[in-house]
Amino acid sequence: MSEPQSYSRLQIALHWLIAVLIVVAWFTGEGAGEAMKVVEKGGVAGFVPHVALGLSILALVVIRILVRLSRGAPAAPGAPGSLGVKAADWGHRLIYLLMVAVPLGGASVFFLGLEVGEVHALAANVLMLVVLGHAGLALYHQYVLKDGLLRRMMKAE
Ligand code: HEM
């Protein structure tokens, strides 16, 4: 895969838009079990924001993955092949996997009636934890190692 020197404007916009939507979706997912009981009785209003957010996230993540596959991304900082670079690459793959799996799990509950609500909630919590670690590491790079990593996700060069 090609390795551009920076993220494109589209990649940066998708990163922050999806990040905000995921955090909001996580908070609106609280109490989703209760809302699902209402859905079973025929009411959907309480569930609409969470479902709309989840489907938007899924669509944006699919676009993001297609852009990532066609354009590539700058190499993680550090010696190529080093443990840190491998960990960053696998960490990002895990986030992509969870960003697809979590909304798909939610959609299976809502549209197909599959009883995977607990798996969906658990995977969403794992995604939040991984993302917190991801954000913490980004801040560590920016403010402790001072290698300007965060700038790569703020401005297309
Ligand atoms: C729900 C929230 C978030 C998600 C799902 C997310 C996801 C991702 C993913 C998948 C990548 C890899 C991009 C690629 O190379 O293909 C990435 C990169 C990055 N993210 Fe996030 N992110 C989130 C929040 C944040 C936050 C809060 C920060 C900063 C505090 C941050 C900073 C960065 C930086 C600096 C990169 C670029 C790393 C590099 O250049 O190697 N992200 N993010």
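Scroll up a little and you will see the structure.
Residues numbered from 1 in each chain as written. Predicted model: local features only at pLDDT ≥ 70, side-chain atom pairs only at ≥ 80, totals over all residues. Heavy atoms only, no water.

K.L.:
Hey, could you run me through the layout of surface pockets in this one?
P.N.:
Gaps left between atoms show up when a probe the size of a water molecule is rolled over them. As a volume, the largest pocket reaches approximately 1400 Å³. Looking at the largest pocket, it is lined by 47 residues, and the ones nearest its centre are Tyr7, Ala88, His92, Ile95 and His134. Broken down by secondary-structure element, the contributors of at least two residues to the lining of the largest pocket are helix H1 (9-29), helix H3 (48-71), helix H4 (83-112), helix H5 (117-145) and helix H6 (149-152). When grouped by side-chain class, the residues that make up the lining of the largest pocket number 32 nonpolar, nine polar and six charged. (1 Å grid on protein atoms, 1.4 Å probe; cavity = no way out; pocket = protein on both sides within 12 Å on 5 of 7 lines; lining within 4 Å. Points joined across faces, edges and corners; volume = space filled by probe spheres on them. Helix = DSSP H or I, 4+ residues; strand = E, 2+ residues; numbered from the N terminus. Nonpolar A, V, L, I, M, F, W, Y, C, P; charged D, E, K, R; others polar.)

K.L.:
Explain empty space enclosed by the protein to me, please; I cannot follow it from the model alone.
P.N.:
Under the counting rule described, the total for this entry stands at one cavity of 30 Å³ or more. Every residue lining the largest cavity is listed: Tyr7, Gln11, Arg64, Arg68, Tyr96 and Met153. Class assignment for the residues of the lining of the largest cavity results in three nonpolar, one polar and two charged.

K.L.:
How do you make sense of the coordination of the iron atom of the ligand when you look at a structure like this?
P.N.:
Geometry reference: four tetrahedral donors at a metal, ideal angle 109.5 degrees. Six octahedral donors, ideal angles 90 or 180 degrees. With distances of 2.0 Å, the protein atoms coordinating the iron atom of the ligand are His15 (NE2) and His134 (NE2). Relative to the metal, the six donor atoms surrounding the iron atom of the ligand lie at angles of 86 to 179°, and the coordination shape comes out octahedral. Here the residue His15 occupies a position in helix H1, and His134 occupies one in helix H5, the gap between them amounting to 119 residues. When its relative accessible area of 29% is taken as the criterion, His134 is described as partly exposed. (Donors = N, O, S within 2.8 Å, 3.2 Å for Na, K, Ca; no water. Tetrahedral: all angles 85-135°; square planar, octahedral: opposite > 155°, others 65-115°. Buried < 20%, exposed > 50% of the residue type's maximum accessible area, 1.4 Å probe, protein only.)

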